[in-house]
Amino acid sequence: MFEHIERVPGDAILGLIEAFKKDTNPQKVDLGVGVYKDAQGNTPVMRAVKEAEALLLKNETTKTYIGSHGAPQYGEVVLPMVLGQDSPVLAAKRASATQSPGGTGALRLAADFISTQLPGKSIWVSDPTWPNHHGIFKAAGIELHKYPYVDAENRLDFTGMLAAVKQIPAGDVIVLHACCHNPTGFDLDRGQWQQILEVVRERNLLPLIDFAYQGFGEGLDEDAYGVRLMAENLDEVIITSSCSKNFGIYCERTGCLIMVAKNSEQMENVRSQVAIVARENYSNPPAHGGAIVSEILHSAELAALWREELTEMRDRINTLRRDFVESLKPYGLDQKYACVAEQRGMFSYTGLKPEQVDRLRDEFGIYMVRSGRANVAGFSHENLPYLAKAIAAVN
């Protein structure tokens, strides 16, 4: 029965990993894989996480199921982290948390919920967006459309975005990146969020806000501005949150689907449907990652340590952005790539063309996605001079 099945190309980023491993260039640089790296090129385990795991190992008494919505303790800490400690949405009991296998799992829950409960609604994503958005929504049988986000000069095209959003059919779903836009690094400012809110309200659109990088842009609360603005001013919002990145627990797959409804009764109705979606997908989410997050955020000491570590990671990335642009000054390219310092998060739409990316890989052992998206966490003060020289050579 399998004789007709064709082989398909593997994931482009996974292919980069294999090519990078085989490269014998001692100066090779990996800017492809989307994980945080320290100055030594490692993805470390945070100190707060290690301490929380030690406490879990000591105190854990069971490995039983945690239910389709996950552990209540996890939702108790994630909801205020995302929506704010003094959130009027939480005070009104309008929000529900469902623990998921990573932010990707939360997106799939949202997609299946939309497909079954809001049939016929289309989803609109930015152009470009995280490539897996396309796969997830299409796999759920939802029609997908794009709105412009970056122009030909590699700048945020807010004018084009706003004009396109004004044309989205009433009742459709719009996917917005809360912060640290993947793959571009271009974020909306507060005034732009306000304009998007007004159009979303006017067009009666349903915002699905992908919040994968809270704390990696400007700060935990600062990065949540758009999420909280939408949740506090609209009757219905879907939020997909991830703790995989800001807690550095990628392999634990720790996410959360947050549903915001008009009132507590409607929230309970929605919550009951989400439980069915989760049950049909994977029954129960993995417990360990959520337990780590819960252990940290329920402890004032561990939470303070975690925030300190997260700040160090964020500051390192933002410093590397500025230093990258500075390193290009001797080649007269600092203005051309000034956008890298303006962007936020781990990723940068550098503006490099596919043929330039190919040359960087083949001639210099510098690996990134052919769209020109680079993982800024792969920069280091040791490799910046080499990177600058190589980029100058292909310009």
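Computed from a predicted model, the values in this text were never measured in an experiment.

About the cut-offs
Residues numbered from 1 in each chain as written. Predicted model: local features only at pLDDT ≥ 70, side-chain atom pairs only at ≥ 80, totals over all residues. Heavy atoms only, no water. 1 Å grid on protein atoms, 1.4 Å probe; cavity = no way out; pocket = protein on both sides within 12 Å on 5 of 7 lines; lining within 4 Å. Points joined across faces, edges and corners; volume = space filled by probe spheres on them. Nonpolar A, V, L, I, M, F, W, Y, C, P; charged D, E, K, R; others polar. Core = buried A, V, L, I, M, F, W, Y, C linked by side-chain atoms within 4.5 Å. Buried < 20%, exposed > 50% of the residue type's maximum accessible area, 1.4 Å probe, protein only. Helix = DSSP H or I, 4+ residues; strand = E, 2+ residues; numbered from the N terminus. Contact = heavy atoms within 4.5 Å. Pairing = 2+ DSSP bridges. Axes fitted to C-alpha atoms, helices over the stretch in contact; angles between N-to-C directions. Salt bridge = Lys/Arg side-chain N within 4 Å of Asp/Glu carboxyl O. Polar contact = N/O pair within 3.5 Å; in protein donor to acceptor, adjacent residues only side chain to side chain. Patch = residues over 30% accessible without salt bridge, like charges linked within 9 Å, V, L, I, M, F, W, Y side chains within 5 Å. Areas by Shrake-Rupley, 256 points an atom, 1.4 Å probe, with all protein chains shown as cover. UniProt positions renumbered as here; feature names shortened; annotations may be inferred. Left-handed = near helix turned anticlockwise from the far one by under 90°.

Chemist: Looking at this model, I keep getting lost on empty space enclosed by the protein. Mind explaining?
Modeler: Empty pockets left among the atoms are what a rolling probe the size of a water molecule brings to light. Scanning the model with the defined rule gives 2 cavities of 30 Å³ or more in all. Lining the largest cavity are Tyr147, Tyr149, Met161, Leu176, His177, Ala178, Cys179, His181, Phe186, Asp187 and Leu188. Of the residues contributing to the lining of the largest cavity, the split by class is 8 nonpolar, 2 polar and 1 charged. As a volume, the second largest cavity reaches approximately 40 Å³. Within the lining of the second largest cavity, the residues separate by chemical class into 8 nonpolar, 1 polar and no charged.

Chemist: Would you explain the nonpolar core in this entry?
Modeler: Nonpolar side chains in soluble globular proteins generally cluster together in the buried interior. Core analysis: the biggest nonpolar cluster contains 103 residues, and Leu83, Met230, Ile258, Ile296, Trp306 and Ile366 have the highest contact counts within it. For this core, the leading source of residues is helix α12 (residues 300–327), giving 10 residues. Those residues in contact with Ile296 that lie beyond four places of it in its chain are Ala48, Val49, Ala52, Phe247, Leu302, Ala303 and Trp306. Counting residues in each nonpolar core, the second largest holds 25 residues, with Ala106, Ala140, Val173 and Leu208 among its members.

Chemist: I would appreciate a short explanation of the sheet that holds strand β5 (residues 173–177) in the present structure.
Modeler: Pairing between the strands of a sheet comes from backbone hydrogen bonds, and it takes one of two forms, parallel or antiparallel. The strand order β2-β8-β7-β6-β5-β3-β4 describes an open sheet built from 7 strands, whose pairing is mixed. Looking at which strands have only one partner, the edges of the open sheet turn out to be β2 (95–101) and β4 (144–148). Sheet twist, expressed as the mean angle between neighbouring strand axes with direction ignored, is 25 degrees. Where strand β6 (residues 206–211) lies against strand β7 (residues 237–242), 4 bridges are found, and the strand directions are parallel.

Chemist: I keep staring at the pattern of salt bridges and nothing clicks. Help me out?
Modeler: For side chains of opposite charge, pairing can occur when their charged atoms come near one another. One pass over the full model with this rule turns up 14 salt bridges. Between Lys21 and Glu18 there is a salt bridge; the shortest N-O distance is 4.0 Å. Residue Lys21 and its partner Glu18 are located together in helix α1 (residues 12–22), separated by 3 residues, close to a single helical turn. For Glu18, a relative accessible area of 40% gives the class partly exposed. In this structure, Asp362 and Arg361 form a salt bridge, with 3.1 Å as the shortest nitrogen-oxygen distance. Shared partners join several salt bridges into a network, and the residues in it are Asp358, Arg361, Asp362 and Arg370.

Chemist: What should I look at first to understand the side chain of Ser283 in this one?
Modeler: Note on placement: Ser283 falls in the loop between α10 (264–281) and α11 (288–297). In terms of polar contacts, Ser283 uses its side chain to reach the side chain of Asn284, at 3.0 Å. Among residues more than four places away in sequence, those in contact with Ser283 are Ser68 and Ala278.

Chemist: Honestly, the layout of surface pockets in this entry has me stumped. Any pointers?
Modeler: Roughly 830 Å³ of volume is contained in the largest pocket. Forming the walls of the largest pocket are 33 residues, and the residues nearest its centre are Ile13, Trp130, Asn132, Asn182 and Arg373. Take the lining of the largest pocket: its biggest share by element is 4 residues, from α1. For the lining of the largest pocket, the residue count by class is 19 nonpolar, 9 polar and 5 charged. In this structure, the second largest pocket occupies an estimated 590 Å³ of space. In terms of lining, the second largest pocket is formed by 22 residues, of which the most central are Leu56, Glu60, Ile66, Ala287 and Ala291.

Chemist: Please clarify how a nonpolar patch on the surface should be interpreted in this entry.
Modeler: A cluster of nonpolar residues, Met1, Phe2 and Ile5, forms a patch on the protein surface that exposes about 470 Å² of accessible area. Mapping Ile5 onto the fold places it in the segment before α1.

Chemist: Would you mind going over the environment of Pro285 with me for this structure?
Modeler: Mapped onto the secondary structure, Pro285 falls in the loop between α10 and α11. For Pro285 and Leu162, which are 123 residues apart along the polypeptide, the C-alpha to C-alpha distance reads 37 Å.

Chemist: Honestly, the UniProt feature "domain: Aminotransferase class I/classII large" (unreviewed entry) in the chain in this entry has me stumped. Any pointers?
Modeler: As annotated in UniProt, the feature "domain: Aminotransferase class I/classII large" (unreviewed entry) corresponds to residues 27–391 in the numbering used here. In this annotation, residues 27–391 is assigned 45% helix and 14% strand; the end-to-end C-alpha distance for the span is 14 Å.

Chemist: I tried to follow the packing of helix α3 (residues 72–83) against α11 on my own but got confused; where do I start?
Modeler: Relative placement of two packed helices is described by the angle separating their axes and the distance separating the axes. It is the contact of α3 with α11, at a shortest axis distance of 9 Å, that shows an interaxial angle of 65 degrees. Regarding α3 and α11, the two cross each other, and that crossing is left-handed. Every residue of α11 that contacts α3 at Gln73, Tyr74, Val77 and Met81 is listed here: Gly290, Val293, Ser294 and Leu297. Taken together, the residues of the contact of α3 with α11 break down into 5 nonpolar, 3 polar and no charged.

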